[in-house]
Amino acid sequence: MDDKAEKYTLRQWRALRGLRANELARESHLTVRTISNYERNIHRLRGASYKNLEAIAKVLDISVSDIFLSPTSEKPKFPVKEAS
């Protein structure tokens, strides 16, 4: 499956990569709270600095534009499970 052909939420990208929020935070040099805020609140994600988005995208091996769903798209029905 070509993950980059699909549009996922930030949380779904993280789950696809098998990362916990604290792992993504550590690897991107952000706080767990910041990652959690971005995952729960699209307005905070859209207001994030490019530097933060670039750090997250690098860890997830995606482009910054892959992080965003279009405003008119539904969230994908991809099931999200936390990494063990």
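Here's a quick rundown of the structure. (Residues numbered from 1 in each chain as written. Predicted model: local features only at pLDDT ≥ 70, side-chain atom pairs only at ≥ 80, totals over all residues. Heavy atoms only, no water.)

**Comments concerning the overall build of the chain**
To keep things clear, this is the line we draw: To qualify as a helix, a DSSP run of H or I must reach at least 4 residues; to qualify as a strand, a run of E must reach at least 2; elements of each kind are numbered from the N terminus. The classification of residues rests on relative accessible area computed with a 1.4 Å probe and restricted to protein chains. Under 20% of the type maximum is buried, over 50% is exposed, and intermediate values are partly exposed. For this analysis, residues touch if any pair of their heavy atoms sits within 4.5 Å. In these tables, accessible area is a Shrake-Rupley quantity obtained with a 1.4 Å probe, and a residue counts as shielded only by the protein chains included in the view.
The helix and strand inventory of the chain stands at five helices and zero strands. Going from N to C terminus, the chain has its helices and strands arranged as α-α-α-α-α. The buried share of the chain, taken over its 84 residues, is 35%. Sequence separation of at least 24 residues holds for 55% of the intrachain contacts in the chain that already meet a minimum separation of 6. Carbon and sulfur atoms provide 50% of the accessible area of the chain, an area that totals close to 5,500 Å².

**Considering the packing of helix 2 (residues 21-28) against helix 5 (residues 50-60)**
Two numbers describe a pair of packed helices, the interaxial angle and the distance between the axes. Note the threshold: What counts as an axis is a line fitted to C-alpha atoms, over the stretch in contact for a helix, and the angles between N-to-C directions run from 0 to 180 degrees. Roughly parallel covers angles under 35 degrees, roughly antiparallel covers those over 145, roughly perpendicular covers 65 to 115, and oblique covers all other angles. Crossing handedness is defined as follows: a turn of the near helix away from the far one that is anticlockwise and smaller than a right angle gives a left-handed crossing, while the clockwise case is right-handed. Side-chain classes follow a simple rule in which Ala, Val, Leu, Ile, Met, Phe, Trp, Tyr, Cys and Pro form the nonpolar group, Asp, Glu, Lys and Arg form the charged group, and the remainder, Gly included, forms the polar group.
The geometry of helix 2 relative to helix 5 is characterised by a closest axis approach of 9 Å and an angle of 115 degrees between their N-to-C directions. By the criterion of interaxial angle, the relationship of helix 2 to helix 5 is roughly perpendicular. Of the two possible hands of crossing, helix 2 and helix 5 adopt the one that is right-handed. Taking contact as the criterion, the partners of Leu24, Glu27 and Ser28 in helix 2 are, on helix 5, Ala55, Ile56, Val59 and Leu60. A class-by-class count of the residues in the contact of helix 2 with helix 5 yields five nonpolar, one polar and one charged.

**Remarks on the environment of Gln12**
Tracing the backbone shows Gln12 in helix 1 (residues 10-16). Here the alpha-carbon distance between Gln12 and Glu39, two residues 27 residues apart in the chain, equals 9.1 Å.

**Thoughts on the environment of Leu45**
Its location among the elements puts Leu45 in helix 4 (residues 42-46). Among the residues examined, Leu45 registers a relative accessible area of 2% and is labelled buried. If near-sequence neighbours (up to four positions away) are discounted, Leu45 is found in contact with Leu10, Tyr38, Leu53, Ile67 and Phe68.

**Considering helix 5**
Stated precisely, the cut-off is as follows: Think of it as the arc spanned by the lines of direction from the helix axis to the C-beta atoms.
All of the buried residues in helix 5 are Asn52, Leu53, Ile56, Ala57 and Leu60. Along helix 5, the residues classed as buried sweep out an arc of 130 degrees about the axis, all on the same side. Residues of helix 5 that are exposed and point more than 90 degrees away from the buried face comprise Tyr50, Lys51 and Lys58. Where the residues of helix 5 are buried, they touch helix 1, helix 2, helix 3 (32-40) and helix 4.

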